[in-house]
Every structure is written in structure tokens, then in C-alpha cells.
Amino acid sequence: ELKVEQNPLFLSMQEGKNYTIYCNYSTTSDRLYWYRQDPGKSLESLFVLLSNGAVKQEGRLMASLDTKARLSTLHITAAVHDLSATYFCAVGRETSGSRLTFGEGTQLTVNP
Amino acid sequence: DGGITQSPKYLFRKEGQNVTLSCEQNLNHDAMYWYRQDPGQGLRLIYYSQIVNDFQKGDIAEGYSVSREKKESFPLTVTSAQKNPTAFYLCASAGEFNQPQHFGDGTRLSIL
């Protein structure tokens, strides 16, 4: 059974600071996704990571994937209040078809 | 604009009642998914369908039923057998295998 763990689950940080959210998964995976969810809203796709060493960047967010360590990171650079949201990673395996397993989410609050 | 439409946005269920949540997509995606999200938690897969007239149980299918008679539509019925239906329900669809899932705006279901 594929398990996906994120940490931390709650993160409060000041504007301008850097931080990293971690996503560990328990079995071999062939694809990993990061999503953002604002309170009471739906999920928005941020990044798709498909191979070992993949790195994607968009604005102040950068995601990377290490398939050997079964670890993905979401790095936040110089945080701003607008980044406050819950961030989910989701992992898929070829043997599971198109279904994904989601982590519990990291609730990020960026304080002025 | 292409997207996923979920309705209604809010739904109330009486004891012993079945209710149906609608999910329609015009993205021409083959795969569709239903997730349940409880407060402060991640997404759990209820059912998914990778092609018309076929669907599979996810991790928490008990008390739910689905149909996939048309490519565009994947309705979810919450039956009276689901004793704790209060949650946020999200529908998603996906096209090519590695592409991210696209989500609807969700339906919030409560018990009267």
C-alpha cells in the first residue's frame, strides 16, 4: 500500500523567510504532483514531476524530486502573504493506473 | 472555457435519504475521480473511472455509488448506508496519463 507523508503539517512563517515542505512516499512511484488549496476552495495544480532529479520553478516556489530517496520537496523563497494556503503532494504508480494517493497537506500561514 | 462543473455547491441530506452529486466535464478527459475531504485532512479516493461504462472502487467506497454512462458525466450517489456523509466532495478529471488531475469547485454535504 502506498503511503504519502508530508511534513510539517502546519507551518507559520514570516514574510521574506525561506522554508521547505517535505513529501515522503513509501513505494516506487513514477510521478508526483504538487497542488495548492485555498480555504474552502478547490485544488489548483502547481507542479508535475516525472523523473529523478526533476526540478520545476514558478515564482517563489520550487519543487524537486528524488526518486531514490522517495522524497519530493517544495521550497518557498522569500515568502509573501499570498502564498498562505494548504499544499498537497500526490503520488501515482504505474501499477495503480491513473489513481493518485494524496498526502495530508501542509497548511502554510505567512505572517506580515 | 473548458472545465469541471460540480453541483450543487451545498447539499443537505436527511436521515435515510440518498443524494446525488453532479460532476460534468468538457475537457474531453477519459478519467474521472471522486474524492472526499474532511476538515483539516487530505483527499481520500471514493471511486474512479478510467473509461466510459467502467469504474473502480477507491479507498472508501462503502456507502457510495457511481455511474459513468457518458464521457462527460460522473455522478456520485451518497446512500443512506453512508452514516457519516458530512464532508467536502471533490470531483476531478484527467487526460493523458502523466497530466495533473483537474478539480471542480466541490460540493459541501451536510446532514439535516
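Criteria and cut-off values
Numbering of residues starts from 1 in each chain and follows the order in which that chain's sequence is written. Each chain is given a letter, starting from A, and each ligand a number, starting from 1, according to the order in which they appear as written. Owing to the predicted nature of the model, reporting of local features is limited to residues with pLDDT of at least 70; listing and counting of side-chain atom pairs is limited to 80 or more, with chain, interface and lining totals taken over all residues. For side-chain calculations, the full set of non-hydrogen atoms in the structure is used, while hydrogens and water are omitted. Only runs of H or I of at least four residues qualify as helices and only runs of E of at least two qualify as strands under DSSP, and these elements are numbered from the N terminus. With the radius of gyration taken over C-alpha atoms, the globule rule is written as 2.2 Å times the number of residues to the power 0.38. We call two residues in contact whenever any of their non-hydrogen atoms come within 4.5 Å of each other. To be clear on the numbers: accessible area is Shrake-Rupley with a 1.4 Å probe, and residue cover counts the displayed protein chains and nothing else. Only four residue types enter the tally: Lys and Arg on the positive side, Asp and Glu on the negative side; His and the chain ends are excluded. The location of each charge is read from NZ of Lys, CZ of Arg, CG of Asp or CD of Glu. When DSSP locates at least two bridges between a pair of strands, those strands are taken to pair. Axes, fitted as lines to C-alpha atoms, cover a helix only where it is in contact. Angles between the N-to-C directions of the axes lie from 0 to 180 degrees.

> Honestly, the overall build of chain A in this entry has me stumped. Any pointers?
What chain A contains, in helices and strands, is zero helices and eleven strands. Overall, chain A shows an N-to-C arrangement of helices and strands of β-β-β-β-β-β-β-β-β-β-β. Its C-alpha radius of gyration of 13 Å places chain A within 12% of the 13 Å reference for a compact globule of 112 residues. By its C-alpha atoms, chain A is 45 × 30 × 20 Å across when sized along the principal axes. Looking at chain A alone, contacts between residues at least 24 apart form 55% of all its contacts between residues at least 6 apart. As presented, chain A carries roughly 5500 Å² of accessible surface, and 48% of it is formed by carbon and sulfur atoms. The centroid of the 11 positive side-chain charges in chain A is displaced by 3 Å from the centroid of its 11 negative side-chain charges.

> Even after reading the chapter, I still don't get the sheet that holds strand β3 (residues 19–25) of chain B, so can you show me in this structure?
Strands belonging to one sheet form pairs held by backbone hydrogen bonds; the direction of such a pair is parallel or antiparallel. All names here are of chain B. Judged by pairing direction, the sheet is antiparallel, and its four strands sit side by side in the order β1-β3-β8-β7 without closing on themselves. Because the sheet does not close on itself, it has two edges, and the strands there are β1 (4–7) and β7 (64–66). Ignoring strand direction, the axes of neighbouring strands in this sheet form an average angle of 20°. Looking at chain direction, β3 and strand β8 (residues 76–78) are connected through three bridges and run antiparallel. Note that in β8 the partner of T20 across the bridge is T77.

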